[in-house]
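Observations on the three-dimensional arrangement
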Amino acid sequence: MTMNFFNPVTTQTWTNGRHHVRCVKIIQETWDVRTFCFMAEQPVMFFFKPGQFVTLELEIDGQPIMRSYTISSSPSVPYSFSITVKQVPGGQVSNWLHANLKVGDELVVHGPVGNFNSIDFPAEKVLFLSGGVGITPLMSMTRWFFDTNANVDVEFIHSARAPRDVIYHRELVHMFSRIPEFKLHIVCEKKDDIGEAWAGYRGYLTQPMLELMAPDFLEREIFCCGPTPYMNAIKAILRANNYDMDHYHEESFGATPMDVQEDVLELAEQAEVEAEQAEPEELINIEFAQSNKSVRIQPGETVHAAAAKLGLHIPKACGMGICGTCRVELKSGEVEMEHNGGITEEDIEEGYILSCCSRPKGNLVVDF
């Protein structure tokens, strides 16, 4: 690497959007978990809030696929970023990444976005609770605290199936051995199939365990990530102890939940009926400037639905305003946008919207 790499004239800062990156390193974390490290061809400083995520734009078996993954690295290492992926049986994207993605391969990512981060919720005392691969956003936060010598008291409790499944184990032990204010606790569900000794906590995380590891857990800002049953169990413990849930934060994204899918189908059926009954003067005109196409839709329909009626494909992954993939620029008009962290306030101020969760208040012109 030459000093020209750091030339401020050629070094750009990462902003939410669509970016081409190249895989530069693959790390085998555990037997079924790998970390994929990426850089840009032209130097880019990948600044983000620890805990945020990106969405990969892939093509698998000839079909476009979008999937969101938390950034596991820290912005304190700014010229690259990493995602950590567990190979899930039957998982289309995770299996493809493990089997096909190689060092040197290029792909497209969208982001970074996400409200789940340690910057927007500063605290002197935090409790990190993670289960399985849910450790990734909390690892990003921990690396950030460690690298920046942050004056933060950290209790980190991680639950895994067995000792061999503890992701980042050696790195965690290293960091937490050097800072007295950082305390690490690992819970393993079982050990019989590993062939190695385990003297730590065993079973599932319970309130008595939590009280032993972090007696002052009710006084801490809590960040939680893991399987849905794990997070539900944590929330049940906290609510039973009258914890102020305004200080509880969790990350959860992936496939659209079934109940949401059912709601969407029901709303779509209602929309068809209402469209037949709508008066012409009630319809809203949506113009897509780049495509030179326009369509009239009924009130309540989304910008993304309007594009689909014209055969325009705005990339979309979650459909719930989480991933940020469907971001487009609004040239004129106003929308009502109910997102879930997939867009930043800065993007909104610059005129961007998430098409999947934006409903026009009147006629619109969209830059797509």
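Because the structure is a prediction, the values reported are computed rather than measured.

Moving on, we come to the overall build of the chain. Of the regular secondary structure elements, the chain holds eight helices and 21 strands. Expressed as a percentage of the 368 residues in the chain, the buried residues total 48%. Sequence separation of 24 or more characterises 68% of the internal contacts of the chain that already satisfy a separation of 6 or more. By element, 50% of the accessible surface of the chain is carried by carbon and sulfur atoms, the whole surface being about 18500 Å².

On to the nonpolar core, then. The biggest cluster of nonpolar side chains holds 24 residues, and the ones touching the most others in it are Trp14, Phe38, Leu56, Phe81, Ile83, Leu97 and Leu107. Contributing elements (two or more residues each) for this core: strand 2 (17-30), strand 3 (33-39), strand 5 (53-60), strand 6 (63-70), strand 7 (81-86), helix 1 (92-100) and strand 8 (106-113). Looking at this core, the element that brings in the most residues is strand 5, giving four residues. With residues up to four places along the chain from it excluded, the contact list for leucine 56 reads Ile65, Met66, Arg67, Tyr69, Ile83, Leu97, Leu107, Val108 and Val109.

It is worth spelling out the sheet that holds strand 15 (residues 284-288) at this point. Ordered in space as 16-15-21-17-19, the five strands form an open sheet in which the pairing is mixed. Every other strand in the sheet has two partners, leaving strand 16 (293-297) and strand 19 (352-354) as the edge strands with one partner each. Adjacent strand axes in the sheet meet at a mean angle of 35 degrees when their direction is disregarded. Relative to strand 21 (residues 364-367), strand 17 (residues 327-332) runs antiparallel, the two being bridged by three bridges. Bridge pairing in strand 21 links leucine 330 to valine 366.

The next point concerns the confidence of the model for the chain. Summarising the model, the chain shows a mean pLDDT of 86, and 87% of its residues fall at 70 or more. Long-range and interchain partners of residues 1-6, a stretch whose pLDDT sits below 50, account for eight contacts in this model, where long-range means more than four residues apart. Predicted confidence for residues 254-271 stays below pLDDT 50, and this span has six contacts to residues more than four positions away or in other chains.

Residues of helix 1 that are buried include every one of Val93, Ser94, Leu97 and His98, and no others. Projected down its long axis, helix 1 shows its buried positions confined to an angular sector of 130 degrees, all on one face. Of the surrounding secondary structure, the elements contacted by the buried residues of helix 1 are strand 3, strand 5, strand 6 and strand 7.

Quick look at the packing of helix 2 (residues 135-147) against helix 3 (residues 169-178) now. Helix 3 packs onto helix 2 with a crossing angle of 35 degrees between their chain directions and a minimal axis gap of 11 Å. In this structure, helix 2 crosses over helix 3, and the sense of that crossing is left-handed. Only Glu171, Leu172, His174, Met175, Phe176 and Arg178 of helix 3 make contact with helix 2, whose side of the interface consists of Ile135, Met139, Thr142, Arg143 and Phe146. Class assignment of the residues belonging to the contact of helix 2 with helix 3 gives a composition of six nonpolar, two polar and three charged.

Cut-offs and rules
Residues numbered from 1 in each chain as written. Predicted model: local features only at pLDDT ≥ 70, side-chain atom pairs only at ≥ 80, totals over all residues. Heavy atoms only, no water. Helix = DSSP H or I, 4+ residues; strand = E, 2+ residues; numbered from the N terminus. Buried < 20%, exposed > 50% of the residue type's maximum accessible area, 1.4 Å probe, protein only. Contact = heavy atoms within 4.5 Å. Areas by Shrake-Rupley, 256 points an atom, 1.4 Å probe, with all protein chains shown as cover. Core = buried A, V, L, I, M, F, W, Y, C linked by side-chain atoms within 4.5 Å. Pairing = 2+ DSSP bridges. Axes fitted to C-alpha atoms, helices over the stretch in contact; angles between N-to-C directions. pLDDT = per-residue confidence, 0-100. Arc of directions from axis to C-beta. Left-handed = near helix turned anticlockwise from the far one by under 90°. Nonpolar A, V, L, I, M, F, W, Y, C, P; charged D, E, K, R; others polar.

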